[in-house]
Structure formats: C-alpha cells, structure tokens
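Chain by chain, the residues:
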2 protein chains.
Amino acid sequence: MTSPVLVTITGGTRGPWRVTRMSPATGESLAGVERLATVEGFPRNSKATLEDGAIWSLRGHTSNSRYTTATETSALRAIQADLGRPHATLAALIPIRKSDEWWQLAQDERRTILAEQSRHISIGLEYLPGVARRLYHCRDLGEPFDFLTWFEYPPSESDAFERLVDRLRATDEWRYVDRELDIRLIRE
Amino acid sequence: MTSPVLVTITGGTRGPWRVTRMSPATGESLAGVERLATVEGFPRNSKATLEDGAIWSLRGHTSNSRYTTATETSALRAIQADLGRPHATLAALIPIRKSDEWWQLAQDERRTILAEQSRHISIGLEYLPGVARRLYHCRDLGEPFDFLTWFEYPPSESDAFERLVDRLRATDEWRYVDRELDIRLIRE
C-alpha cells in the first residue's frame with residue numbers, strides 16, 4: 001500500500017461501530033456519540049456528512065513510513081494484519097496530538113525519542129498480528145489532532161491491547177502528547 | 001513556523017506572478033497559463049477558484065522537516081530567507097512527483113539517498129540566502145504531484161539558481177523523480 005488512503009471518520013448515530021466507552025486521556029474530549037463510521041475520501045461538502053447523523057468528523061490519510069528503518073519495515077510487513085478481519089469485532093480509535101516542542105525537533109531527534117528511547121516500533125511489533133493497526137496522519141490538514149490511530153482486535157486480545165496502550169503511554173515519547181482521546185468500539 | 005500552512009496555487013489569467021516559461025522536465029505537463037496566484041487554505045468549493053480565471057489548481061501544505069538532522073536544521077535556520085522579499089522579483093514553481101519505488105523505501109533508505117548520496121540538503125544550503133525556498137507537500141492529499149517546490153530570488157541570483165536546479169537534477173535522488181514541471185515567473 002503506497003498510495004495514500006484518505007478517510008473521514010464520523011461520530012454520530014450511524015455506522016457499523018458502536019461506542020462502548022469514550023474518555024479523554026489528555027486534554028479536551030469530543031462530543032459524546034453513539035456510533036462511528038469510516039468513509040474513504042474527504043467529502044467536498046462537509047455539511048452533507050454532518051446531515052447524515054454525524055456530530056463531528058475527523059479526517060486523515062495514510063502515508064509513507066516516517067521513522068521505520070528497512071530492517072524494522074521488513075519485520076512489520078512480515079507480521080502485520082489487515083483491517084476488516086471477521087473475528088476482530090473490537091476496535092479503538094485513539095486520536096492524538098503532539099506538542100509544538102515535538103514538531104520543532106529535527107528528524108533524528110524525533111527518531112531517537114520514538115524508537116531508541118521509547119521503543120515504540122518494537123513494542124508495537126510484540127502485539128502483532130493479534131492487534132491490527134492503521135495510522136492516519138492529519139496534522140498537515142489543519143485538523144484538531146495530529147494522528148488518528150485505529151486498532152482492530154478479537155475479544156481474546158483485549159487484555160493484550162490494554163497492555164499495549166499502557167506501555168506506550170508510559171514512554172518518554174508520550175510526554176509530547178498534549179491531547180489524546182480514547183474511543184472503544186464494538187462492531188454491530 | 002511549526003503550524004502547517006495550507007496553500008492553493010492557481011494557474012490562469014490572474015495573480016501577481018506572470019509566467020515567463022513553462023516546460024516539462026519529466027513526464028506530462030499542465031495546460032499553459034499566463035499567471036499564477038497563491039491563496040492560503042484550501043477552498044471548500046473548488047469551482048469558486050476555477051471561475052476566478054483559473055485553469056488548474058495545485059494544493060499543498062508545509063510540514064515538519066522529514067529528513068534534516070538537528071545539526072542541519074540549525075545550519076538552515078541560521079541562513080534561510082523569507083518569501084516576499086521586495087528585491088526577489090523572480091520565482092520558480094517546480095512541482096515534482098517521485099516513483100512508487102521511492103515511497104516504498106524505508107526512512108533510513110530515503111535519507112541515505114537524499115542526504116548522504118545526493119547531498120540535497122548541503123547543496124541547497126550553498127544557495128541560501130540568495131534563493132529563498134519553501135517546500136509544500138501534496139502526495140498525501142491525492143494530488144497529481146508529491147511536492148510543490150517554490151523559489152524566490154533576485155535577478156542577480158538567476159545564474160546561481162540555474163546551477164542549483166542542474167545540480168539537483170544530476171543527483172541519484174532525481175532518478176526517483178517520475179514527473180517534473182518547471183514554471184518560471186516574474187512578479188508584476
């Protein structure tokens with residue numbers, strides 16, 4: 001997958017994912033909603049989306065890898081899981097924003113914090129392929145978050161997923177997260 | 001400047017920059033136009049822009065640095081020039097697309113080609129502050145190019161600018177450029 005995939009995730013009363021929990025981890029939350037839907041592309045007319053039962057929408061895009069080395073990329077590609085697996089009935093949408101301090105760091109400084117100090121890439125690897133993930137970028141679109149992180153997993157991986165989230169939140173990298181929202185979902 | 005700046009560059013009959021030359025360096029060109037204008041933001045209704053004398057429009061955004069180390073960032077920040085200098089009456093818009101092969105490379109592989117093999121960052125430094133530059137990203141927006149590179153310089157730097165362009169096009173990095181258009185401009 002090299003071509004970017006553009007998505008709009010809407011929160012409202014429609015969509016295949018029912019919200020089971022919605023809690024701000026850091027900073028301001030979004031309005032409570034019953035369901036999420038993911039639509040490919042950016043609707044030209046944002047009102048059209050909102051009239052379809054949506055209270056808010058978040059846009060993002062996949063992109064080329066920004067930090068992983070060739071060795072890490074090979075390890076990830078060998079083990080990663082696709083979205084949409086029938087048995088992966090649980091999901092999480094965790095939108096994240098990082099501070100200005102983070103974005104002013106140079107590439108090598110960010111890589112050192114993310115990979116060498118925080119082991120973000122290797123921690124993520126431990127939970128594959130049980131927890132499938134996709135990263136959408138949105139900072140450059142002027143959106144309220146910098147990333148929309150999306151995870152899908154079967155109920156048997158619930159405890160593992162909680163450990164993954166806890167371990168990442170305890171890293172040095174997470175000191176640069178200044179807004180984070182945690183939305184848990186079940187496919188119905 | 002850490003917040004992304006979104007821009008739409010329109011080609012048509014209006015705008016402060018008159019086109020003096022427009023030539024494809026690699027691949028397909030765009031329709032010939034008389035003038036370019038740059039508008040901050042992405043118009044919600046693309047027709048509104050096109051009705052204003054525009055034949056085509058290209059969108060992009062500034063972003064955090066993707067390859068520069070802390071040392072390189074310091075060197076660039078110490079010497080870089082702003083856009084809009086009154087004496088910088090010449091400009092160039094060079095939209096560039098890179099191949100799928102490039103985008104499938106990992107971060108360290110792209111850095112090696114761009115910086116170590118091709119010396120893109122250090123070559124660029126040699127022409128600062130005479131040639132002011134800004135890089136807009138657009139690949140992740142589903143645009144026809146991956147980057148819009150924009151340069152502004154006074155007539156006294158014209159020869160230097162030609163050398164800069166020639167040197168970059170001769171690098172290993174440029175083997176991954178599969179579409180490139182070269183539009184030269186004068187402010188009127």
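Calculation criteria
- Residues numbered from 1 in each chain as written.
- Chains lettered and ligands numbered in written order.
- Predicted model: local features only at pLDDT ≥ 70, side-chain atom pairs only at ≥ 80, totals over all residues.
- Heavy atoms only, no water.
- Salt bridge = Lys/Arg side-chain N within 4 Å of Asp/Glu carboxyl O.
- Helix = DSSP H or I, 4+ residues; strand = E, 2+ residues; numbered from the N terminus.
- Buried < 20%, exposed > 50% of the residue type's maximum accessible area, 1.4 Å probe, protein only.
- Pairing = 2+ DSSP bridges.
- Contact = heavy atoms within 4.5 Å.
- Buried area = accessible area lost by both parts, 1.4 Å probe.
- Polar contact = N/O pair within 3.5 Å; in protein donor to acceptor, adjacent residues only side chain to side chain.
- Nonpolar A, V, L, I, M, F, W, Y, C, P; charged D, E, K, R; others polar.
- Least-squares fit on C-alpha atoms with pLDDT ≥ 70 in both.
- Phe/Tyr/Trp six-rings, centres within 6.5 Å; stacked < 30°, edge-to-face > 60°.
- Lys NZ or Arg CZ within 6 Å of the ring centre and 35° of its normal.

S.K.: Mind showing me how you'd approach the pattern of salt bridges here?
M.R.: A side chain with one charge may pair with a side chain of the opposite charge, provided their charged atoms come close. Here the structure, examined in full by the defined rule, presents 31 salt bridges over all chains. Two residues, Glu 188 of chain B and Arg 18 of chain B, come together in a salt bridge whose shortest N-O distance is 2.7 Å. Pair noted here: Glu 188 of chain B is in the segment after β8 (177-187) and Arg 18 of chain B is in strand β2 (residues 17-26), with a separation of 170 residues, a long-range link. Overall, Glu 188 of chain B belongs to the exposed group, its relative accessible area being 51%. A network of salt bridges, in which partner residues are shared, links Arg 21, Glu 162, Arg 169, Glu 180, Asp 182 and Arg 184 of chain A.

S.K.: Any chance you could explain the pairing of strand β3 (residues 35-40) of chain A here in plain terms?
M.R.: Every other side chain in a regular strand lies on the same face of the sheet, so the side chains alternate between the two faces. Relative to β3 of chain A, strand β1 (residues 6-12) of chain A runs antiparallel, the two being bridged by six bridges. If you follow Thr 10 of chain A over to β3 of chain A, its bridge partner there is Ala 37 of chain A.

S.K.: What is the right way to look at the interface of chain A and chain B in this model?
M.R.: When the parts of a complex come together, some accessible area is lost, and that lost area is often taken as the interface size. Across the contact, 30 residues belong to chain A and 30 residues belong to chain B. Overall, the association of chain A and chain B removes approximately 2600 Å² of surface from exposure, summing both partners, and the carbon and sulfur fraction of that is 45%. Residue Asp 140 of chain A pairs with Arg 66 of chain B through a salt bridge whose shortest N-O separation is 3.2 Å. Across the contact surface, chain A and chain B share 10 residue pairs in polar contact (both at pLDDT 80 or more). Within the residue set of the side of chain A that touches chain B, elements represented by two or more residues are α2 (70-79), α3 (100-104) and α4 (107-117) of chain A. Examining the composition of the side of chain A that touches chain B, we find that four residues originate from one element, α4 of chain A, more than from any other. Per-class residue counts for the side of chain A that touches chain B are eight nonpolar, 13 polar and nine charged.

S.K.: Just to check I follow, could you spell out the relation of the copies chain A and chain B for this structure?
M.R.: Think of it as a corkscrew move, a rotation about one axis and a shift along it, taking one chain copy to the other. Of the transformation superimposing chain A on chain B, the axial component is 0.0 Å and the angular component is 180 degrees, with the fit at an RMSD of 0.0 Å. Taken together, the turn and the small shift mark the pair as related by a two-fold rotation axis. The overlap is high: 100% of the interface residues of chain A also sit at the interface in chain B, so the same surface is used on both sides.

S.K.: How should the environment of Ser 65 of chain A be read in this particular structure?
M.R.: Mapped onto the elements of the fold, Ser 65 of chain A is located in the loop between β4 (54-61) and α2. There is a polar contact of 3.3 Å between the side chain of Ser 65 of chain A and the side chain of Thr 68 of chain A.

S.K.: I'm lost on the packing of aromatic side chains in this one. Help?
M.R.: Two descriptors summarise a pair of aromatic rings, namely the distance from one centre to the other and the angle between the planes of the rings. Residue and element names in this part refer to chain A. Within this structure, the stated rule accounts for 10 aromatic pairs over all chains. Summarising the aromatic geometry, the rings of Trp 102 and Tyr 176 are spaced 5.3 Å apart at their centres and angled 55 degrees between planes, so their arrangement reads as tilted. Here Trp 102 is found in helix α3, whereas its partner Tyr 176 is found in the loop between α6 (158-169) and β8 (177-187), with 74 residues between them in sequence. You'll find Trp 102 and Tyr 176 in the same group, each marked buried. The rings of Phe 151, Tyr 153 and Phe 161 are connected pair by pair, giving a single aromatic cluster. In this structure, Lys 98 is placed above the aromatic ring of Trp 102, and the distance from its NZ or CZ to the ring centre is 3.9 Å.

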